[in-house]
Amino acid sequence: MLKFFVLTIFPEFFESPLHVSILKRAIEKGLIGVELINIRDFARDKHRKVDDYPYGGGAGMVMKPEPIFEAVDYVNSVTKSSKKRIILLSPQGKIFNNEIAKELSKEDELIIICGHYEGVDERVKTLITDEISLGDFVLTGGEIPALAIIDAVSRFIPGVLGSDESAINESFTDGLLEYPQYTRPEEYRGLRVPEVLLSGNHREIALFRRRESLRLTYEKRPDLLKKAKLTEEDKKLLKELNINLE
Ligand SMILES: C[S@@+](CC[C@H](N)C(=O)[O-])C[C@H]1O[C@@H](n2cnc3c(N)ncnc32)[C@H](O)[C@@H]1O
């Protein structure tokens, strides 16, 4: 089981996302666990203050270091290992991707720290092992990135996805985007499902899907195609598509 300890000042933010669909099932099956730690519970003063004005002036509030340090101490005191990875969510971090998700899915315990306001006091960075960003944009808090990470990481834990939801053919698993998918009806508003998918010819279907996967990756994310490990057959398909990667 992978246990996520999420440090947040808004634990209620997580209520519904963790109680529906695949994450709900994963928690019920004991494949993942999510413990929400309210940073405010570790605030010592009588107003339970978790933020304060920035030294040097400027707009906004900064999250105080003491409640975050003490919340991490608390998690370390109730868990097996004191060597767990501690992730700070920040727009300044390394941009999250499927590779990082897969790597994190191998851990037993993870601490995720959600910032808010202008972010956390810089000294919190002495506590952490990873600083992760969801992308080059600024959110109001780390709760949405935390949920995105929990979701993406959980998909790599055996048993979390049913066999019909397998992660094997998804976008990024082999460095390419996934091929297009169709379901019933065969024709809708004059738009037909490609004939090959109705043919029952597995070899032709596999070739069609690989060709489309290469084509879509070239059109939408040429950066991925340049890095992907391509087989001789892929190179042949690219030639058929008139795609030259040189
Ligand atoms: C308004 S942001 C703080 C931004 C910070 N002042 C800066 O400019 O780097 C508040 C919190 O939201 C979270 N956050 C915002 N954007 C994020 C992103 N792209 N990825 C991960 N976390 C993000 C972080 O936890 C951050 O501490």
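The structure this text deals with has already been given above.
None of the values given here were measured: they were computed from a predicted structure.

Taken together, 20 residues sit near the ligand, with L89, E118, L134, F137 and L139 positioned nearest. Here Q92 contributes a side-chain N or O atom positioned 3.2 Å from an oxygen atom of the ligand. L139 places a main-chain nitrogen or oxygen 2.9 Å from a nitrogen atom of the ligand. Protein chains shield 84% of the accessible area of the ligand, which is 580 Å² for the free molecule. For the shell around the ligand, the secondary structure elements donating two or more residues are β5 (85-95) and β7 (130-133).

Right, let's get into the sheet that holds β7. Spatial strand order, β2-β1-β6-β5-β7: five strands in an open sheet with parallel pairing. Only two strands of the sheet have a single neighbouring strand rather than two, namely β2 (32-38) and β7. Here the strands of the sheet are splayed against their neighbours by 30° on average, with no regard to which way each runs. Strand direction decides the pairing type here: β5 and β7, joined by five bridges, are parallel. Residue pairing across strands places L88 opposite E131, the latter belonging to β7. Strand contacts of helix α4 (residues 143-154): β1 (2-8), β2, β5, β6 (109-113) and β7, with the helix running at about 175° to β1, the strand carrying the most contacts.

Right, let's get into the packing of helix α5 (residues 202-220) against helix α7 (residues 232-240). Running from amino to carboxyl end, α5 crosses α7 at an angle of 70°, the nearest separation of the two axes being 10 Å. Considering their axes alone, α5 and α7 lie roughly perpendicular with respect to each other. The crossing of α5 and α7 is right-handed. Residues R203, L207, R210, R211 and L214 of α5 form the contact with α7, whose participating residues are E233, D234, L237, L238 and E240. Residues belonging to the contact of α5 with α7 are distributed by class as follows: four nonpolar, no polar and six charged.

Going through the model one piece at a time under the given rule, you end up with two aromatic pairs. Pairing F42 with Y74 gives two aromatic rings, centres 5.7 Å apart and planes at 45°, and the pair type is tilted. Pair noted here: F42 is in the loop between β2 and β3 (51-52) and Y74 is in helix α2 (residues 65-78), with a separation of 32 residues, a long-range link. Overall, Y74 belongs to the partly exposed group, its relative accessible area being 32%.

Glancing now at a nonpolar patch on the surface. Among the surface-exposed residues, F13, F137, L139 and I144 lie close enough to one another that they form a single nonpolar patch of about 350 Å² accessible area. Position of F137 relative to the elements: it lies in the loop between β7 and α4. Overall, the relative accessible area of 43% leaves F137 in the partly exposed class.

Basis of the calculations
- Residues numbered from 1 in each chain as written.
- Predicted model: local features only at pLDDT ≥ 70, side-chain atom pairs only at ≥ 80, totals over all residues.
- Heavy atoms only, no water.
- Near = heavy atom within 4 Å.
- Polar contact = N/O pair within 3.5 Å; in protein donor to acceptor, adjacent residues only side chain to side chain.
- Areas by Shrake-Rupley, 256 points an atom, 1.4 Å probe, with all protein chains shown as cover.
- Helix = DSSP H or I, 4+ residues; strand = E, 2+ residues; numbered from the N terminus.
- Pairing = 2+ DSSP bridges.
- Axes fitted to C-alpha atoms, helices over the stretch in contact; angles between N-to-C directions.
- Contact = heavy atoms within 4.5 Å.
- Parallel < 35°, antiparallel > 145°, perpendicular 65-115°, else oblique.
- Left-handed = near helix turned anticlockwise from the far one by under 90°.
- Nonpolar A, V, L, I, M, F, W, Y, C, P; charged D, E, K, R; others polar.
- Phe/Tyr/Trp six-rings, centres within 6.5 Å; stacked < 30°, edge-to-face > 60°.
- Buried < 20%, exposed > 50% of the residue type's maximum accessible area, 1.4 Å probe, protein only.
- Patch = residues over 30% accessible without salt bridge, like charges linked within 9 Å, V, L, I, M, F, W, Y side chains within 5 Å.
- Salt bridge = Lys/Arg side-chain N within 4 Å of Asp/Glu carboxyl O.

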